[in-house]
Amino acid sequence: MNTFEIKDLDLYYGDNQALKSIQLAIPQKQVTAFIGPSGCGKSTLLRVLNRMNDLIAGVRIDGSVKMDGADIYADVDVRKLRMRCGMVFQKPNPFPMSIYENVAYGQKAQGVKDKKTLDKIVEDALRGAALWDEVKDRLHSHAFGLSGGQQQRLCIARTIAMKPDVILMDEPTSALDPIATARIEELMEDLRKEFTVVIVTHSMAQARRIADKTAFFLMGELVEHGDTEQIFTAPQDKRTHGYITGDFG
Ligand SMILES: Nc1ncnc2c1ncn2[C@@H]1O[C@H](COP(=O)(O)OP(=O)(O)OP(=O)(O)O)[C@@H](O)[C@H]1O
């Protein structure tokens, strides 16, 4: 089963074409990594999936993107789409409030008021983000008191609390040290059981460690995609081979 089916996708920022005729299926409950050199369109394609590019003036999109069979550029409520596709950014961006309030925020905004219900949502989400044990005794402390890696896991918990189907991650570990990075990579094992995960990463080693599928982009083109192991050990395209062996990038 595929969560997303992307067909003949072209994306332009004004006159600049950033994505060219992309064809890609993103499978359900697997981790798909987007790799490629800077400026190749990885983040742009990630933002296509929850229509974040709509917020950028001058963007034009042709082609079709289906999520669970429905065209997300035709007949979908964008607010609901963004709730189904949570996003985690490069730099941890907790809200200026307590750990608890960060995680409960979205559900409260949706009208959930019952304290027991919220307590359970917060605990489940913090457990899901492998942060519960570290923060359970200080849930009402300010989120800014957490380390960078903990803040990023808090952002993951905040995303999980909205019960999305998909988690989009744009270089989620690039601002973190190796230990905090390892914690988030370990977490991927659990996340893939419940969510479709799409991650943009600059680290080929990271893609190889955590992704089931890998897609390699170059100058707006999707050069090759497939099982991660195959992409790294037996790439079909010589440009993929060149990139993974460090000839360029
Ligand atoms: N908001 C924007 N407005 C105009 N052009 C943009 C915008 N965002 C990206 N671009 C252009 O689109 C192309 C693809 O950029 P994108 O950020 O998607 O690449 P990327 O592969 O994610 O790069 P990086 O690895 O450096 O983050 C680039 O030419 C970039 O300059």
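The structure presented is a predicted model; accordingly, all values stated were derived computationally and were not measured. (Residues numbered from 1 in each chain as written. Predicted model: local features only at pLDDT ≥ 70, side-chain atom pairs only at ≥ 80, totals over all residues.)

1. Looking at the overall build of the protein chain
Helix and strand counts for the protein chain stand at 10 helices and 10 strands. Relative to its length of 249 residues, the protein chain is compact, with a C-alpha radius of gyration of 18 Å against a globular reference of 18 Å. In terms of principal-axis extent, the alpha carbons of the protein chain reach across some 55 × 40 × 30 Å. Across the 249 residues in the protein chain, those meeting the buried criterion constitute 41%. A separation threshold of at least 6 residues defines the contact pool for the protein chain, and within that pool the share at least 24 residues apart is 68%. (Helix = DSSP H or I, 4+ residues; strand = E, 2+ residues; numbered from the N terminus. Rg over C-alpha atoms; globule rule 2.2 N^0.38 Å. Buried ≥ 20, exposed ≤ 12 C-beta atoms within 10 Å, placed from the backbone. Contact = placed C-beta atoms within 7 Å.)

2. Describing the sheet that holds strand β6 (residues 85–88)
Taken in spatial order, the 6 strands line up as β6-β7-β8-β3-β9-β10 in an open sheet, and their pairing is mixed. This sheet does not close on itself; its edge strands, each paired only once, are β6 and β10 (221–227). Ignoring which end each strand starts from, the neighbouring axes of this sheet average 15 degrees apart. Of the strand pairs in this sheet, strand β3 (residues 31–35) and strand β9 (residues 213–218) are connected by 4 bridges, and their pairing is parallel. Bridging from a neighbouring strand, Phe34 pairs with Ala215 of β9. Lying over the sheet, helix α1 (residues 42–49) contacts β3, β6, β7 (166–170), β8 (196–200) and β9, oriented at roughly 150 degrees with respect to β8. In this fold helix α7 (residues 178–194) packs onto β3, β7 and β8, with an angle of close to 135 degrees to the strand it touches most, β8. (Pairing = 2+ DSSP bridges. Axes fitted to C-alpha atoms, helices over the stretch in contact; angles between N-to-C directions.)

3. Comments concerning the UniProt feature "domain: ABC transporter" (unreviewed entry) in the protein chain
The feature "domain: ABC transporter" (unreviewed entry), as given by UniProt, occupies residues 4–244 in the numbering adopted here. When the span residues 4–244 is considered, its composition is 39% helix and 27% strand, and the gap between its end C-alpha atoms is 26 Å. (UniProt positions renumbered as here; feature names shortened; annotations may be inferred.)

4. Quick look at the packing of helix α3 (residues 99–109) against helix α4 (residues 115–128)
The contact between α3 and α4 brings their axes to 9 Å, and the two run at 115 degrees. When the axes of α3 and α4 are compared, the pair comes out roughly perpendicular. Considering only the axes of α3 and α4, their crossing is right-handed. Each of Tyr100, Val103, Ala104 and Gln107 in α3 lies in contact with α4, whose residues at this interface are Leu118, Ile121, Val122, Ala125 and Leu126. (Parallel < 35°, antiparallel > 145°, perpendicular 65-115°, else oblique. Left-handed = near helix turned anticlockwise from the far one by under 90°.)

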